[in-house]
4 protein chains.
Amino acid sequence: MRKNDAPVYYGDYLKLDQLLSSQLPKSDEHGAHAHDEMLFIIVHQVYELWFKQILHEMQSVVEVFGKKYVDEKDVGVAVLRLTRVTEIQKLLVDQLRVMETMTPLDFLEFRDFLFPASGFQSVQFRLIENIMGMKPEQRLLYNKQAYYQNVTPDHQEIIKSSEKQASLFQVMERWLERTPFLDFGGFNFWEHYRSAVNKMLKSDRDIITGNPLTSKEEKKKQLLELAANEESFAAVIDKTKHNDVVSKGKRQLSHKALQAALLIQLYRDEPILHLPFRLLTALMDVDEMFTMWRYRHAQMVHRMIGTKIGTGGSTGYNYLKATVEKYRVFGDLFNLSTFLIPRSTLPDLPAEVRKSLGFAYAQQR
Amino acid sequence: MRKNDAPVYYGDYLKLDQLLSSQLPKSDEHGAHAHDEMLFIIVHQVYELWFKQILHEMQSVVEVFGKKYVDEKDVGVAVLRLTRVTEIQKLLVDQLRVMETMTPLDFLEFRDFLFPASGFQSVQFRLIENIMGMKPEQRLLYNKQAYYQNVTPDHQEIIKSSEKQASLFQVMERWLERTPFLDFGGFNFWEHYRSAVNKMLKSDRDIITGNPLTSKEEKKKQLLELAANEESFAAVIDKTKHNDVVSKGKRQLSHKALQAALLIQLYRDEPILHLPFRLLTALMDVDEMFTMWRYRHAQMVHRMIGTKIGTGGSTGYNYLKATVEKYRVFGDLFNLSTFLIPRSTLPDLPAEVRKSLGFAYAQQR
Amino acid sequence: MRKNDAPVYYGDYLKLDQLLSSQLPKSDEHGAHAHDEMLFIIVHQVYELWFKQILHEMQSVVEVFGKKYVDEKDVGVAVLRLTRVTEIQKLLVDQLRVMETMTPLDFLEFRDFLFPASGFQSVQFRLIENIMGMKPEQRLLYNKQAYYQNVTPDHQEIIKSSEKQASLFQVMERWLERTPFLDFGGFNFWEHYRSAVNKMLKSDRDIITGNPLTSKEEKKKQLLELAANEESFAAVIDKTKHNDVVSKGKRQLSHKALQAALLIQLYRDEPILHLPFRLLTALMDVDEMFTMWRYRHAQMVHRMIGTKIGTGGSTGYNYLKATVEKYRVFGDLFNLSTFLIPRSTLPDLPAEVRKSLGFAYAQQR
Amino acid sequence: MRKNDAPVYYGDYLKLDQLLSSQLPKSDEHGAHAHDEMLFIIVHQVYELWFKQILHEMQSVVEVFGKKYVDEKDVGVAVLRLTRVTEIQKLLVDQLRVMETMTPLDFLEFRDFLFPASGFQSVQFRLIENIMGMKPEQRLLYNKQAYYQNVTPDHQEIIKSSEKQASLFQVMERWLERTPFLDFGGFNFWEHYRSAVNKMLKSDRDIITGNPLTSKEEKKKQLLELAANEESFAAVIDKTKHNDVVSKGKRQLSHKALQAALLIQLYRDEPILHLPFRLLTALMDVDEMFTMWRYRHAQMVHRMIGTKIGTGGSTGYNYLKATVEKYRVFGDLFNLSTFLIPRSTLPDLPAEVRKSLGFAYAQQR
């Protein structure tokens, strides 16, 4: 209950007059009413409202993690907000089902009136991609042009300047790099991991070479495979090899950030690493849901307009399909699974270290 | 490709300037920024956009079925549009998950600033209820007042006048009443149904009375039950008994419409009844999804604000819960299942009748 | 890679021979093949497999929380497993959509062959209800009989003995009661809460009585409402009043457990309370999803068989509908929202207390 | 109610003893209990149960459409059954979320015990692919071997023989080829379509060449694009060109079947084409959902095991990803959208033709 405030009215608060008068079908303007154009407009408007909300959440997370010191509480808040983004993304995907209730033939009734407007002109979606951390060099050309060429000069400015602002990828990478536990209280996590991996690989080699039942040819194949696995682990453990992989564009995270992410995965049961673990999971969820959205969106376009050849000789569908995997931002986190090893092969943390990673309260008992 | 038209720009077409400047959090106005208020606003705005779309679809269906002669094509179009409504309703329900990422404590940060605005003030939602066919006498009082008392006089006018307009329920009832097949080509559907039901009930009675294994007491119980079933069938077959049930408010559809709906269910495999069958299913789907929305909405409110006692002594949660089942419009169609009998107990349609219900083309072969 | 083990074959591992030969339609046995009976069997078998998995998870959580000392890690594990249960529950609900592709008329083709088998005979579902913590006295009679009367004597034994085993509700209540933070390091949480509530209620009273614009009658109404709110808060703060509410069956949790749950809600941002908060949320999610399942299941039954009068004079649909809200186990947690107050009205924790609730590591900096 | 039958018991009917004793974790066998292996087993068993159901539906559809004369009723039944398959497929996809509650580290606890069992050994899934109509030559080699090499000889026989049986693709193609309406009652659909397309393309050319505002270079680009569109339409209209595309493996359907499918799309509002239209849509839905399943499954594998190099030098993830689009069966139906033209450019059907396509009943009025 509040004193003296003017009563708030639902419709005013939500600006419904403005909101509900924003649907002006072009087919009506052309005197050729197409029933389904309303759906087309409203679906896109809902998308833009959700995009605004996603930006709202992402900006707040970038801001918090851009600070020098990130409080534990902040990690919890970031997890909640990114989880919210994921819930919104599920709607973005499911919403395609509503769009698909419009058949290709119904779309043809007003499609020509919209020329050359296109979803590629959504400024907010570009801002989302950039605040996620998509790199300009990662993008595909569309009709041999940069991705922002088809919007107004004002909008181009907004998009281009967003490329230079702090992204989720950047702030998370820096936060990971600051993790103090890689070498902590005399326990060198990395040394132990390397040793456990070597032991595992050596045991694999012994099994292969010692098996009396495998043919010579089969043995050779297995050893080749093992060598590839060794190489793969080496590219994580060895900083120089890691940097080599990065320079080829096959990995994005710095060596230190990658190490920290792996540590968090492997020791996620320790209370102090629980929220960081959930944060990495939330980042993967957001990334995966955008990938899913791109995939489902491409399918929907295929179903709606087939493979019509568009301006510039490329089809919308093929372009969209090509972006699905290419536009992933946190792919390194997914690939981390490659480098997990069974908990049982890792040493327990020394009691003192474990204590430090627990709650102060527990120590006082 | 179109000649001479000005090129259309995505942002202009969707009125994004207007749309994306419609979020003005009250907490900011009060200098007490609450991060989650943006979500609260946008979720409600998305609801209102979908409500507009739902009204757009429903109005078009009412218009088509309000005509004297409803073409077969129109039935198909109505099915598609109601199916679209159902797809939108799924989003309305799923969207609650996004809302639930806001915790009760976060809501408290700005809840007081919104007083006394409330979702009960959504005019569009009232219009949807009324175009569905909700009867004013079916509604619960809220704080001892009519459901439209808490909106502005202008809005009250809009809502009240919508009570008098043609509803989905009305046009569907009239369309059902016009079904020509209840007595058609010498085949009296209703006579055959009555006879099949009687045969089934008689056989049930014989089994009960003739079973040497059931105790006297058990037999008595079974016969009471059978009598109740007989009564229940009688209230469908007998017009007077039917009208009696209607006058008690336990059934809404006229006797003729109910008969037609039952015919459609039982002979839905005949080509000419296929689309009518899908239409009845679509109406039930829409009705069920609103019921589901009411249910989930009430749950969400419970989780968000508990059972706080509100203005007038009733709690929002309890009020919402009470509307869930009460506000169903096409309940009669659900109850029809009670009166279905196995296909095998119904007579095949005479060849001449079946022909008439098939495609002209097939006859020409 | 493992030495010396026999290779595992997919079909053997999953016992597919056994699994895929477990579908024996009764309609075929009666020489009256009904295509849809296969669906009916498989849908129910899938339900039973998921029930087994749910029991597996719940039993493990009860076991861990039944121990004298619950480790922080265990809380995290419990959250993950209950979250898994919720994901399974979503499938249980969505699976009804598959069932609904069978129309009422198709069901009639084989329904009589199944007499008197019924989903009420699912032993596993009863075990789930009991391990959740449903109280025998909470249950509705079905046909004037206890809920386990319609299964075999062996199964009755299994169900009845499960009533006596430790339930999620019990172990959680005890764990809450042991929370050490209600009066900790000289900070009496409960005292502060009471004082904040009183201040809030007093301010509300001042606003009401001091408002020159409200009519006498309106003022009276508002004061009555306020008194009801005061009473409601008193029944949480005052142990005697709380116990009174419990004895009327309107609340289940002990006073101490309820206090702890409220503390966790209000100070959930403190690292040490983060996982406990997530645990309470997970319990509510599981409870809500069962409620949802009961609701959707009742709807499906309504749609499938209408309101046919069954053995004992009650209809399946009405019985199922009556259980929806009545069978909730953690309702107290939902009602807690009633007693939340804005964070800003609560005192900050003293620095020393906050330190104790943080990580040991942080203190060492 | 039925006389003399033995009462049916829920647990017996569903063979629960057999079903619920089919979970034997390998980790227990090795004395190294891994809690999550139960989930792993049950998830896969549920998949296999659903696969059985999907085969049940698909076989029944193939059987019906394999008949010489397909009744209108049969089309309706096929639509319902394929729709059911799609509802099941949604569960298959959503079920991955349950699987994903198992973290990569938890999987490592028992993964080695399962070697070399693999989902690639699911016989039922191979049967589903084959009954859909996947061509052997369409398949990718896995580790340089045919897709059935890793199952037992018995299972290989079953899979290989399924390659030779009638598939959904085949029976649907033949059914489409028999469509009588391509040249019907003196109305040559195909002639009219060709003429409407030519008119449209000519108008496009006129607009391009006549536009005084486009630069010479831009004009050239637009004309190239137009030529590509002309070529694309020609490959549908002209049988020889069509066969050329087929021989290159870029299209599967025969020319006649493709024509019929296009006719159905364009005149789907005619009552007699309504169900055929829904059938084509259902086929696309089933196809798309399998594609979606492949996609989501590949993502899950990526997240679970990363890009570990497996036997034969290829990674499971990359193999799975490669099958996503490649294993589509009804791609031609999706591509049809490319060849739709606005309804307004097509001639109305002559009254006599339209009558033939309507219901006999309507003619008699």
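Position labels on residues start from 1 in each chain and follow its written sequence. A letter from A marks each chain and a number from 1 marks each ligand, given out in the order of writing. With pLDDT at 70 or above as the cut-off, local features in this predicted model cover only qualifying residues; side-chain atom pairs require 80 or more to be listed or tallied, and sums for whole chains, interfaces and linings still use all residues. Side-chain descriptors were evaluated using all non-hydrogen atoms of the structure, hydrogens and water having been removed beforehand.

Novice: Please set out the overall build of chain A residue by residue, giving values where relevant.
Specialist: A run of H or I in DSSP counts as a helix once it spans at least four residues, and a run of E counts as a strand once it spans at least two, with each numbered from the N terminus. For chain A, the count of helices and strands is 18 helices and two strands. C-alpha atoms of chain A, sized along the principal axes, occupy 80 × 70 × 35 Å. In chain A, buried positions account for 59% of the 365 residues. For chain A, the accessible area works out to roughly 15200 Å², and carbon and sulfur atoms hold 53% of it. In this tally, Asp and Glu contribute negative charge and Lys and Arg positive charge; neither His nor the terminal groups of the chain are included. Charge placement uses NZ in Lys and CZ in Arg. For Asp and Glu, CG and CD serve respectively. Taken as two groups, the 48 positive and 46 negative side-chain charges of chain A have centres that lie 4 Å from each other. Between buried and exposed lies partly exposed: a residue is buried under 20% and exposed over 50% of the maximum accessible area for its type, with that area taken using a 1.4 Å probe on protein chains only. Areas reported here follow the Shrake-Rupley algorithm with a probe of radius 1.4 Å; residue values treat only the protein chains shown as occluding.

Novice: Could you give an account of the interface of chain C and chain B, with specific residues and numbers?
Specialist: The interface is formed by 48 residues belonging to chain C together with 48 residues belonging to chain B. Buried area: the accessible surface (1.4 Å probe) lost by two parts on joining, summed over both. Of the roughly 4200 Å² buried where chain C meets chain B, counting both sides, 52% is carbon and sulfur surface. Should a side-chain nitrogen of Lys or Arg be within 4 Å of a carboxyl oxygen of Asp or Glu, the pair is scored as a salt bridge. Taken together, the links from chain C to chain B amount to 12 salt bridges. As a salt-bridge pair, Asp285(B) and Arg303(C) come within 2.6 Å of each other at their nearest N and O atoms. Definition of a polar contact: a pair of N or O atoms within 3.5 Å, with one able to donate and the other able to accept a hydrogen when the atoms are protein atoms, and with sequence-neighbouring residues admitted only if both atoms are side-chain atoms. Seen at the junction of chain C and chain B, the total is 20 residue pairs in polar contact (both at pLDDT 80 or more). With 14 residues, helix α14 (residues 271–305) of chain C is the single largest residue contributor to the side of chain C that touches chain B. Taken together, the residues that form the side of chain C that touches chain B break down as 18 nonpolar, 15 polar and 15 charged. Only heavy atoms enter the contact rule, under which two residues are in contact if any of them lie within 4.5 Å. Classification used: nonpolar for Ala, Val, Leu, Ile, Met, Phe, Trp, Tyr, Cys and Pro, charged for Asp, Glu, Lys and Arg, polar for all others including Gly.

Novice: Describe in detail the side chain of Ser167(D), supporting the description with residues and values.
Specialist: Residues and elements named next belong to chain D. Summarising the element assignment, Ser 167 is placed in the loop between α8 (153–163) and α9 (168–177). By relative accessible area, which is 4% here, Ser 167 ends up buried. Excluding its chain neighbours within four sequence positions, the residues that come into contact with Ser 167 are Val 62, Asn 130, Ile 131, Met 132 and Gly 133.

Novice: Go over the relation of the copies chain B and chain A, please, and point to the residues and values.
Specialist: When the copies are overlaid, the least-squares fit takes in C-alpha atoms only where the residue has pLDDT of at least 70 in both copies. With an RMSD of 0.0 Å, the fit of chain B onto chain A corresponds to turning through 180° and sliding 0.0 Å along the axis. Here the copies are linked by what is in effect a two-fold axis. Interface overlap between copies: 100% of the residues of chain B at the interface are likewise at the interface in chain A, consistent with a symmetric, same-surface contact.

Novice: Go over the nonpolar core with me, naming the residues and quoting the values.
Specialist: Joining through side-chain atoms within 4.5 Å is the link that ties buried Ala, Val, Leu, Ile, Met, Phe, Trp, Tyr and Cys residues into a set, and such a set is a nonpolar core. By size, the foremost hydrophobic cluster in this structure holds 517 residues, and its most contacted members are Phe65(A), Tyr193(A), Phe65(B), Tyr193(B), Tyr193(C), Phe65(D) and Tyr193(D). What Phe65(B) contacts, discounting residues up to four positions off in sequence, is Val70(B), Asp74(B), Val75(B), Ala78(B), Val171(B), Met172(B), Trp175(B), Arg178(B) and Leu279(B).

Novice: How would you explain helix α14 (residues 271–305) of chain B if you had to name every residue and give the values?
Specialist: With 35 residues, α14(B) should reach 51 Å at 1.5 Å per residue; the first-to-last C-alpha distance of 51 Å fits that figure. Within α14(B), 32 of the 35 residues are buried, which leaves it mostly tucked inside the rest of the structure. Multiplying one less than the number of residues by 1.5 Å gives the expected span of a helix.

Novice: Describe the relation of the copies chain C and chain B, and please don't skip the residues or the numbers.
Specialist: These two copies of the chain differ by a rotation about an axis and a displacement along the same axis. Expressed as a screw transformation, the operator carrying chain C onto chain B has a rotation angle of 180° and an axial translation of 0.0 Å, and the superposed copies differ by an RMSD of 0.0 Å. Comparing interface residues between copies, 100% of those in chain C also lie at the interface in chain B; the contact surface is shared.

Novice: Hey, could you go over the packing of aromatic side chains for me, with residue numbers and the actual values?
Specialist: A pair of aromatic rings is counted whenever rings of Phe, Tyr or Trp (Trp by its six-membered ring) have centres within 6.5 Å, and the orientation is called stacked for planes under 30 degrees apart, edge-to-face for over 60 and tilted otherwise. If you walk through the whole model with that rule in mind, you get 72 aromatic pairs over all chains. The interplanar angle of 40° and the centroid separation of 5.7 Å between the aromatic rings of Phe169(C) and Phe330(C) together place this pair among those described as tilted. Here Phe169(C) is found in helix α9 (residues 168–177), whereas its partner Phe330(C) is found in the loop between α15 (316–326) and α16 (331–335), with 161 residues between them in sequence. Side by side, Phe169(C) and Phe330(C) carry an identical accessibility label, which is buried. An angle of 75° between the planes, with centres 5.6 Å apart, marks the rings of Phe233(D) and Phe339(D) as edge-to-face. Residue Phe233(D) is found in helix α11 (residues 216–237), and its partner Phe339(D) is found in the loop between α16 (331–335) and α17 (351–357); the two are separated by 106 residues along the sequence. Owing to a relative accessible area of 6%, Phe339(D) belongs among the buried residues under this scheme. The structure contains a cluster of three or more aromatic residues connected by ring pairs, namely Tyr47(A), Phe51(A), Phe125(A), Phe290(A) and Trp293(A). When the ring centre of Tyr147(A) is taken as reference, the NZ or CZ atom of Arg139(A) above it lies at 3.6 Å. Whether a charge lies above a ring is judged from NZ of Lys or CZ of Arg, which has to be within 6 Å of the ring centre and within 35 degrees of the ring normal.

Novice: Can you tell me about the pattern of salt bridges, naming the residues and giving the values?
Specialist: For the structure on display, the rule yields 104 salt bridges over all chains. When the shortest N-O distance is used, the salt bridge between Arg296(B) and Glu288(C) registers 3.4 Å. In this pair, Arg296(B) is assigned in helix α14 and Glu288(C) in helix α14, connecting two distinct chains. Exposure remark for Arg296(B): the relative accessible area of 8% places this residue in the buried category. Here Arg268(D) makes a salt bridge to Asp269(D), at a shortest N to O gap of 3.6 Å.

Novice: An account of the interface of chain B and chain A is needed here, citing residue identities and associated values.
Specialist: The interface of chain B with chain A comprises 68 residues on the first partner and 68 residues on the second. For the pairing of chain B and chain A, the buried interface totals around 6700 Å² over both sides, and the portion due to carbon and sulfur atoms is 65%. Counting the surface chain B buries against chain A, the share from its top three residues, Tyr9(B), Tyr10(B) and Tyr13(B), is 12%. At the junction of chain B and chain A, the tally comes to four salt bridges. A salt bridge links Arg84(B) to Asp36(A), with the nearest nitrogen and oxygen atoms 2.9 Å apart.

Novice: How would you explain the packing of helix α10 (residues 189–210) of chain B against helix α11 (residues 216–237) of chain B if you had to name every residue and give the values?
Specialist: Residues and elements named next belong to chain B. Between N-to-C directions, angles cover 0 to 180 degrees, with each direction set by a line fitted to C-alpha atoms, over the stretch in contact for helices. Following both chains from N to C, one finds α10 and α11 inclined at 175°, their axes separated by 10 Å at the closest point. Between α10 and α11, the interaxial angle falls into the category roughly antiparallel. Residues Trp 190, Tyr 193, Arg 194, Val 197, Met 200, Leu 201, Asp 204, Arg 205, Ile 208 and Thr 209 of α10 touch α11, and the partners they reach there are Lys 219, Gln 222, Leu 223, Leu 226, Glu 230, Phe 233, Val 236 and Ile 237. Oblique is the label for every angle not falling under 35 degrees (roughly parallel), over 145 degrees (roughly antiparallel), or within 65 to 115 degrees (roughly perpendicular).

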